Amino acid sequence: MREQAKILLIDDEPDILVFMKFNLQKEGYKVETAISGKEGVSLTSEFKPDLIVLDVMMPEMDGFETCMQLRKNKELNNTFIVFLTASGEDNLQVKGFEAGADDYIHKPIKIALFIKRVQALLKRKNTIDIQPREVSVGGVTIDHEKYSVAVHGKEIFVTKKEYELLTLLMSEPGKIFSRQAILVKLWGAEFSITDRTIDVHIRKLREKLGENHIKTLKGEGYTFDYNNEMTLPSAVNLG
C-alpha cells in the first residue's frame, strides 16, 4: 500500500460509512466520507482520493450520475472508482462501467474480502511495468508522463481503465490479446469480471478513437492496428 493512500467513501447509509471507515483506517488508509453524491463530488477537489467507493442506490443523485460527474474531473483520471451494489445483474454492471467505474463490490460487505479488494486495487502496478514516455501508433498518442491520450494531436478524455486497456493494446501493435489475457492483466485473476465488461470498454474506446484503430478477431480477441510506424521516445519506469 502506498503510504497514506486516500479513500473516499460515498454512501447514504451512515452506519455503512462508519463501518467501512473504521476498518480502512485500521489498515492505515486516510479516509473521508460523504453522505450523498453531490457532497462526494464536492469533496474530491480538495481531498484528491486514490480510490472512491461509491454506492449505486442513493437519492437525488444516484451512483451512476455521481460517477459520470466524477469522471469529468481530469484530476481524477488516475483514481479508481468502485461501486457498492446489492444487485448482481449484468445490465447494472455494464451501466456502471459505461459511467466510468473500474470495479464492483457486492453487498452485504464482508469486511475481510472488502479490505483485500481495496489493497489489490491500490497495490496493482500498471499493466506494463516499463513503458516508453510516449507511444504513438496510427495517429493515437499515449503520454505516460502526463497520463494523457491524444488523437491526431487533440487530447481526449479516457477513464483510468480505458487508459490501461489502450496502453496494453498499444504496447504490442498487431498482437492479438485474448479476452482472458485482458481480464487478468487489467483486473487480476481474483476479480469476477464478465466478458461484457471488456465489450463496454472496447466500445467506449472506439467511440473516442475512431472505429479503425481496435480490431476484433472473432473467437480470438482484440488487436491494435499498426498501419503507421510506432514512435518510441526515451523510456521511463511506470512501475
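Preceding this section is the structure that the text describes.
Reading the values: the criteria
Residue indices follow the written sequence of each chain, beginning from 1 at its first position. Totals for whole chains, interfaces and linings use all residues, but because this is a predicted model, local features are given only for residues with pLDDT of at least 70 and pairs of side-chain atoms are given and counted only at 80 or more. Hydrogens are left out, water is left out, and the side-chain values use all remaining heavy atoms of the structure. Here, strands pair whenever DSSP counts at least two bridges between them. Think of it this way: any DSSP run of H or I at least four residues long counts as a helix, any run of E at least two long counts as a strand, and we number them from the N terminus. The convention used is that axes are lines fitted to C-alpha atoms, helices contributing only their stretch in contact, and that angles between N-to-C directions extend from 0 to 180 degrees. In this analysis, two residues are considered to be in contact whenever any of their non-hydrogen atoms come within 4.5 Å of each other. Whenever a carboxyl oxygen of Asp or Glu lies within 4 Å of a side-chain nitrogen of Lys or Arg, that contact is scored as a salt bridge. For the exposure calls, accessible area comes from a 1.4 Å probe over protein chains only, and a residue counts as buried if that area is under 20% of its type's maximum, exposed if over 50%, partly exposed in between. Pairing of aromatic rings covers Phe, Tyr and the six-membered ring of Trp, with a centre-to-centre limit of 6.5 Å; geometry is then stacked below 30 degrees between planes, edge-to-face above 60, and tilted otherwise. By nonpolar core is meant a set of buried Ala, Val, Leu, Ile, Met, Phe, Trp, Tyr and Cys residues that side-chain atoms within 4.5 Å join together.

## Remarks on the sheet that holds strand E9 (residues 148–151)
Consider a sheet: its strands pair through backbone hydrogen bonds, and that pairing is either parallel or antiparallel. Here we have four strands laid out as an open sheet, ordered E7-E8-E9-E10, and antiparallel in their pairing. A single partner strand is all that each edge strand has here, and the edge strands are strand E7 (134–137) and strand E10 (154–156). Averaged over all adjacent pairs, the angle separating strand axes in this sheet is 25°, with direction ignored. Two strands pair when backbone bridges link them, and strand E8 (residues 140–143) and E9 are joined in this way by four bridges, in the antiparallel orientation. Its bridge partner lying in E9, Thr-141 is registered against Ala-150. The sheet strands contacting helix H6 (residues 160–171) are E7, E8 and E9, and the helix crosses E8 at an angle near 110°.

## Remarks on the pattern of salt bridges
Enumeration over the complete set of coordinates arrives at 14 salt bridges. Across the pair Lys-107 and Asp-11 runs a salt bridge, and its minimum N-O distance is 3.5 Å. Taken together, the residues Lys-107 in the loop between strand E5 (103–106) and helix H5 (111–123) and Asp-11 in the loop between strand E1 (6–10) and helix H1 (14–26) connect sequence positions 96 residues apart. Taken individually, Lys-107 and Asp-11 each receive the classification buried, so the pair is uniform in this respect. Residue Arg-203 is joined to Glu-98 by a salt bridge in which the shortest nitrogen-to-oxygen separation is 2.0 Å. Note that Arg-203 is positioned in helix H8 (residues 195–209) and Glu-98 in helix H4 (residues 90–99), a separation of 105 residues in sequence. You can call Glu-98 partly exposed: its relative accessible area is 33%.

## Some details on the sheet that holds strand E2 (residues 30–34)
Taking strand neighbours across the sheet as the criterion, the five strands line up as E2-E1-E3-E4-E5 in an open arrangement whose pairing is parallel. Each edge of the open sheet is held by one strand with a lone partner, namely E2 and E5. Within the sheet, the average angular offset between the axes of one strand and its neighbour, ignoring direction, is 20°. As defined by bridge partners, strand E3 (residues 51–55) adjoins strand E4 (residues 80–85) across five bridges and the pair is classed as parallel. Counterpart to Asp-55 in the pairing with E4 is Leu-84. Helix H3 (residues 63–71) contacts E1, E3, E4 and E5 of the sheet and is inclined by roughly 175° relative to E4.

## So, the packing of aromatic side chains
With the rule as written, the count across this model stands at three aromatic pairs. For the pair Phe-64 and Phe-83, a centre-to-centre distance of 5.5 Å together with 70° between the ring planes defines the contact as edge-to-face. Of this pair, Phe-64 sits in helix H3 while Phe-83 sits in strand E4; the two residues are 19 residues apart in sequence, bridging distant segments of the chain. Consider the rings of Phe-97 and Tyr-104, whose centres lie 5.7 Å apart with planes at 70°: the pair is edge-to-face. Note on accessibility: Phe-97 and Tyr-104 belong to one class, buried. Chaining the aromatic ring pairs together yields one cluster made of Phe-64, Phe-83, Phe-97 and Tyr-104.

## A short note on the environment of Glu-172
Tracing the backbone shows Glu-172 in the loop between H6 and helix H7 (179–187). Along the backbone, Glu-172 and Thr-223 are 51 residues apart, and their C-alpha atoms lie at a distance of 8.5 Å.

## Some points on the nonpolar core
Counting 26 residues, the largest nonpolar core has Val-149, Leu-166, Leu-209 and Phe-224 as the members making the most contacts within it. Counting residues per element, the ones that place at least two in this core are E7, E8, E9, H6, H7, H8 and strand E12 (221–224). With six residues, the top contributor of residues to this core is H6. When residues no more than four places from it in sequence are discounted, the contact partners of Leu-166 are Val-140, Ile-142, Val-149, Leu-205, Leu-209 and Phe-224.

Honestly, it's all geometry; don't read function into it.
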